[in-house]
Amino acid sequence: EVDAHVGIVDLGLETLFRTFHDRESIPRDNFGSHSRGRDISGNPLQHSEDPDSQITELTLKANTAPSGGLVGSASFTIGKRENESDLTSISPVKAETDYYKTAADATYTPSENWTFNLRYRLLDLDSDNTNQFSAGSYGSTKTSSLEVRDPVDITRSWYQAIVNYRPSRHLTLKGELRREDIDRSNTGHGGGHNSSPDPIEINPNWELPDEETITLAKLGFSARLLEKSVLKFSGWVSFQHSDEPAYGTSFEDSQQLFLSGSYNPSPLWGFLANARFLAQENDSHEMHDYEFKRDKDQQNINLGTYVTPGEGLSFDLNYGYFHTEIDQGILVGTGEYFVPRFPFFRPVNYAIADDSGDYEQTINTLTLGMTWQMLEALSCRLEGHYSESEASFSPDFNIEGPYPYNIYAGAPYLGTQSNSDLKEISELDIQQIGLRGRINWTIDEEWSCSMETTYDDYDDKNSNYYDGSVQTAM
């Protein structure tokens, strides 16, 4: 790292070179009954490699003095990441990413009541890999190569403007506007290849959008209503929109509300609480000509209090509530059935979809802890916690037909797609009770040590699948 001053501007130059080497041998396995189409010839296949890698980076930074009415800073980074895989079952495996990053910040404070911030970020990832590789132990590829599609290149541009207004020393209002532009290349259909025994075709439903813009607007406040910050409140509300959500589980519109408060009338005790509410929707995901609407609602509430009866001794009690509910369209099945058209059977594609797949999760936690500063250099912490976790998946469908026509028996297979028993077999109800103890010892200015042990017991109320206990010591 090199640093220099040019007038009021401070310049810096940083370099980074980092390598990773996994000195363990690559695992191998013959995959048992899963070796269909493979010719292992007594040579088990490699798997789960942690490839060696290398990163090289150069950064140039510049900033003005951090005090004054106008402050600015900027940086530019260029680098490369390289995958140095050393597989023999599949080769060659070479991949690298050239990237550059740009950041710029400007802060203007015209008076004690106003502060303006502008921020800009840019990340450009240009990835490259080998066009084809051979898998010598996989079916017909012993003598031919498989094509590899080009990796997706990504450019992210991020703009943010923030305004802080302080009408009094007890109140601050904050507004934020942010925009993120995402550009992707090589997202189109990757084609397929006639590998043996199973030809592979890329499903176009998984193609990512070439362009996506995410916009966020946020308003917040923080207030100190009594002297010495005895009573404090803060909160914000945000609205976010994506014009082209990348995945079915991505959201198109999102709204969040956060509120927090604390009351500390004396050093002996205090109380704090916060709550977060989230609502997300996505109405733009389609598959097999069906629209799959996704709605997600989430609530998170935390309450806590503490008591300090004596010097060096304190007790705290905390409660947490977490609830998530997701309602999303589901695809029960897709394929083709055969309609008799003498003298031929004509295949007709079919799909069975429903717009009510409900998932719900609720978690309640309770924690009681004690902290004791026995000596200036010696302290301990004892904590007990209890939690209940419930979850279930309960889609609502009961669909008869269309039925796949059995061309061998000469008659249709009559069956019904139903949600019967799905909620029961997916339902979870787990209770957890645990203890945690820790001791910290500060020996001197250079040395310190600690010891921690935990014990957790799990009780599955529906079955004994998740019964058990976990003990740790560090």
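Residues numbered from 1 in each chain as written. Predicted model: local features only at pLDDT ≥ 70, side-chain atom pairs only at ≥ 80, totals over all residues. Heavy atoms only, no water.

Q: Mind showing me how you'd approach unusual backbone geometry here?
A: The phi angle of most residues is negative, glycine excepted, and most peptide bonds adopt the trans form. Positive phi is not limited to glycine here, since Asn186 has a value of about 60°. Residue position: Asn186 is located in the loop between β13 (171–185) and β14 (192–193). The backbone of Ser229 sits at a positive phi, close to 55°, despite the residue not being glycine. Classification of Ser229 by relative accessible area gives partly exposed; the value is 25%. (Helix = DSSP H or I, 4+ residues; strand = E, 2+ residues; numbered from the N terminus. Buried < 20%, exposed > 50% of the residue type's maximum accessible area, 1.4 Å probe, protein only.)

Q: Explain the sheet that holds strand β10 (residues 132–135) here, please?
A: The pairing of strands in a sheet comes from backbone hydrogen bonds and takes either a parallel or an antiparallel form. The strand order β7-β10-β11 describes an open sheet built from three strands, whose pairing is antiparallel. Both outer strands of the open sheet, β7 (90–91) and β11 (146–147), are each paired with one neighbouring strand and no more. Note that β7 and β10 share two bridges and pair antiparallel. Among the inter-strand pairings, Ser91 is bridged to a residue of β10, identified as Ser134. (Pairing = 2+ DSSP bridges.)

Q: Looking at this structure, how should I read the pattern of salt bridges?
A: Pairing between side chains of opposite charge can happen when the charged atoms of each approach one another. Counted by the stated rule, this structure contains 15 salt bridges. Its salt-bridge partner being Arg381, residue Asp316 comes within 2.7 Å of it at the nearest N-O pair. Here the residue Asp316 occupies a position in strand β23 (residues 313–341), and Arg381 occupies one in strand β25 (residues 378–395), the gap between them amounting to 65 residues. Across this residue pair, the class does not change: Asp316 and Arg381 are buried. Within the structure, one salt-bridge network assembled from shared partners comprises Lys80, Glu96 and Asp98. (Salt bridge = Lys/Arg side-chain N within 4 Å of Asp/Glu carboxyl O.)

Q: Just to check I follow, could you spell out a negative patch on the surface for this structure?
A: Together, Asp297, Glu325, Glu360, Glu390, Asp421, Glu424 and Glu427 make up a negatively charged patch on the protein surface. Within the fold, Glu424 resides in helix α1 (residues 422–426). (Patch = residues over 30% accessible without salt bridge, like charges linked within 9 Å, V, L, I, M, F, W, Y side chains within 5 Å. Areas by Shrake-Rupley, 256 points an atom, 1.4 Å probe, with all protein chains shown as cover. Lys, Arg positive; Asp, Glu negative; His and termini not counted. Charge placed at Lys NZ, Arg CZ, Asp CG, Glu CD.)

Q: In this structure, what is going on with the side chain of Asp358? I would like to understand it.
A: In this fold, Asp358 is placed in strand β24 (residues 344–375). The side chain of Asp358 sits in the buried core without any salt bridge; Lys423 is the nearest counter-charge, 7.2 Å away.

Q: What's the story with the environment of Val2 in this structure? I'm lost.
A: Position of Val2 relative to the elements: it lies in strand β1 (residues 2–6). A relative accessible area of 53% means that Val2 is categorised as exposed. Separated by ten residues in sequence, Val2 and Gly12 have C-alpha atoms that sit 5.6 Å apart. Beyond its immediate sequence surroundings of up to four residues, Val2 is in contact with Leu11, Gly12 and Leu13. (Contact = heavy atoms within 4.5 Å.)

Q: What is the right way to read the pairing of strand β6 (residues 70–84) from this model?
A: Every other side chain in a regular strand lies on the same face of the sheet, so the side chains alternate between the two faces. Here strand β5 (residues 52–63) pairs with β6 via twelve bridges, running antiparallel. Bridge pairing in β6 places Ser53 opposite Asn83. Hairpin connection between β5 and β6: a loop of six residues separates the two successive antiparallel strands, and Gly68 in this loop has a positive phi of roughly 115°.

Q: What's the story with empty space enclosed by the protein in this structure? I'm lost.
A: Rolled over the atoms, a probe sized like a water molecule indicates the empty space that remains. Taken as a whole and assessed by the stated rule, the structure comprises one cavity of 30 Å³ or more. As a volume, the largest cavity reaches approximately 30 Å³. Forming the walls of the largest cavity are Thr249, Ser250, Phe251, Gln280, Glu281, Asn282, Arg294 and Lys296. At the level of secondary structure, the elements contributing two or more residues to the lining of the largest cavity comprise β19 (269–282) and β22 (294–310). Top element by residues in the lining of the largest cavity is β19. It accounts for three residues. By residue class, the composition of the lining of the largest cavity is one nonpolar, four polar and three charged. (1 Å grid on protein atoms, 1.4 Å probe; cavity = no way out; pocket = protein on both sides within 12 Å on 5 of 7 lines; lining within 4 Å. Points joined across faces, edges and corners; volume = space filled by probe spheres on them. Nonpolar A, V, L, I, M, F, W, Y, C, P; charged D, E, K, R; others polar.)

Q: Would you mind going over the packing of aromatic side chains with me for this structure?
A: A ring pair, where both rings are aromatic, is described by two values, the distance of the centres and the angle of the planes. Here the structure, examined in full by the defined rule, presents six aromatic pairs. The interplanar angle of 40° and the centroid separation of 5.3 Å between the aromatic rings of Tyr120 and Tyr159 together place this pair among those described as tilted. Of this pair, Tyr120 sits in strand β9 (residues 114–129) while Tyr159 is found in strand β12 (residues 153–168), placing the two residues 39 residues apart along the sequence. Residue class for Tyr120 comes out partly exposed when judged on its relative accessible area of 25%. Taken together, the ring pairs in this structure connect Trp114, Phe116 and Tyr165 into an aromatic cluster. Sitting above the plane of the Trp236 ring, Lys218 keeps its charged end 4.2 Å from the centroid. (Phe/Tyr/Trp six-rings, centres within 6.5 Å; stacked < 30°, edge-to-face > 60°. Lys NZ or Arg CZ within 6 Å of the ring centre and 35° of its normal.)

As far as function goes, none of this settles anything; it's purely spatial.
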